[in-house]
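Descriptive structure summary
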Amino acid sequence: MRPGAPITRAPLGLDESAVTLEQNSGRSVAALVSRVDASVYTTDVMESHASDVDWVGPRAVAHDAVLSWANESGGVVPFPMFTLFASTESVRAMLREREAALDDLLARVAPCQEWTVRLFRLDDRAAAALGLTSPAIAELAERARAAAPGQRYLIERKADELRGVELRRVSAESAREAFDALAALGERAVRDALPAAPSGARPAGVAVLDASFLVRRDRADSFRAAAGELAAKLEPRGLRVELSGPWPPYHFVRDDA
Amino acid sequence: MTDDTLELTGDDRLVLGDLLNHVLDKGIVISGDVTISVADIDLIRVGLGIYITAIQSELDHAAAREHATPDADVPVLRHPGRV
């Protein structure tokens, strides 16, 4: 953050500690800091909670609450959770060493919020839509209906195969279309790697896009409206749009973002 | 806030999964040229890889519950407390 931010209005930080603003006199950037118990935040303790959402969850909520406040109170360059320093002097040393880069980053992201858009393919709906939109699949379905049972099986297998190819093609095209349309409204945009498809039933759909956008505050309404238009446009293709935000600019403070 | 005061519903877990995907492995990363941490930062980040894997599984399960009946609206997910 910038020095002089109204820190007394910040929410509580990690483990309900008051957040302080560490800074060096006369410098352009300051750090939001929560003091924590060093015996709790060791590698051993933290790794013992590795799969414990109930341990990580409240800490993540506190971390994000402070950063969300900071982003709406002048801007912030997010650090990941559990970025730990041994002392306030270490924090100040880091600020001195990185002042120029942090200053540039802060100037770039402060007018903005991050929005995340995910696109899911609902296979049953998408396949049904394809029957209407792909002449080749519609024709195979028609032939299968008219065929004798043995031949029908072979035609249906062929239709399934073609349907799989078409589903992936339509998904990829729609993902690109959605990303390009929304990226045009933002300052920057980034696509995250997609999670491996969960096994078994997938009522939530197959993820085909996970993207984040750095959007100026004064364009947030336009961005949300565009996401709504995309949802309406893609729904008939069996694709569902999910929007989350506004977030602090988590995705947009690395060198490669 | 203590661990046992946070009662999470299925919906909360969905947004929590989204939240964790943002806060765990994003943000500016500082390298080891400052005195960091009660332990070596690289070791901690190795540990975070485990968190992320576990969280993804949680997210998948929550999403499966949440979207059993999808619709055309765009849900804007926010974590508890976000205005």
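Just so you know, these numbers come straight off a predicted model, no measurement behind them.

**Structural notes on the overall build of chain A**
The helix and strand tally for chain A stands at 8 helices and 6 strands. Secondary structure elements in chain A, listed N-terminal to C-terminal, are β-β-α-α-α-α-β-α-α-α-β-β-α-β. In terms of overall size, chain A is more extended than a compact globule, its C-alpha atoms giving a radius of gyration of 24 Å where 257 residues would be expected to give roughly 18 Å. If one aligns the C-alpha atoms of chain A with their principal axes, the spans along those axes are about 85 × 40 × 30 Å. Across the 257 residues of chain A, 40% fall into the buried class. Looking at chain A alone, contacts between residues at least 24 apart form 74% of all its contacts between residues at least 6 apart.

**Some points on unusual backbone geometry**
Residue and element names in this part refer to chain A. Along the chain, G245 connects to P246 via a cis peptide bond; the corresponding omega equals 0°. Despite not being glycine, D15 has its phi angle at roughly 55°, a positive value. Secondary-structure assignment places D15 in the segment before β1 (20-23). A residue is classified by how many C-beta atoms lie within 10 Å of it, and D15, with 16 of them, is partly exposed. The backbone of E16 sits at a positive phi, close to 60°, despite the residue not being glycine. The residue E16 is located in the segment before β1 in this model.

**Structural notes on the environment of E16(A)**
A tally of 12 C-beta atoms within 10 Å means that E16(A) is categorised as exposed. Sequence separation between E16(A) and R35(A) is 19 residues, and the spatial gap between their C-alpha atoms is 9.6 Å.

**Overview of the nonpolar core**
All names here are of chain A. If you look at the biggest cluster of nonpolar residues, it comprises 73 residues, and the most contacted ones within it are V66, V117, L119, A178, F213, A227 and V241. With 10 residues, helix α2 (residues 53-71) is the single largest residue contributor to this core. Both domains that furnish three or more residues to this core are identified here as domain 1 (7-110) and domain 2 (113-252).

**A word on the domain arrangement of chain A**
All names here are of chain A. What the domain assignment reports for chain A is domain 1 (7-110) and domain 2 (113-252). Distance from the C-alpha centre of domain 1 to the C-alpha centre of domain 2: 36 Å. Listed per partner, the contact involves 7 residues of domain 1 and 6 residues of domain 2. Classifying every residue of the side of domain 1 that touches domain 2 by side-chain character gives 5 nonpolar, 2 polar and no charged.

How each quantity is defined
Residues numbered from 1 in each chain as written. Chains lettered and ligands numbered in written order. Predicted model: local features only at pLDDT ≥ 70, side-chain atom pairs only at ≥ 80, totals over all residues. Helix = DSSP H or I, 4+ residues; strand = E, 2+ residues; numbered from the N terminus. Rg over C-alpha atoms; globule rule 2.2 N^0.38 Å. Buried ≥ 20, exposed ≤ 12 C-beta atoms within 10 Å, placed from the backbone. Contact = placed C-beta atoms within 7 Å. Core = buried A, V, L, I, M, F, W, Y, C linked by C-beta atoms within 7 Å. Domains from an automatic or database assignment. Nonpolar A, V, L, I, M, F, W, Y, C, P; charged D, E, K, R; others polar.

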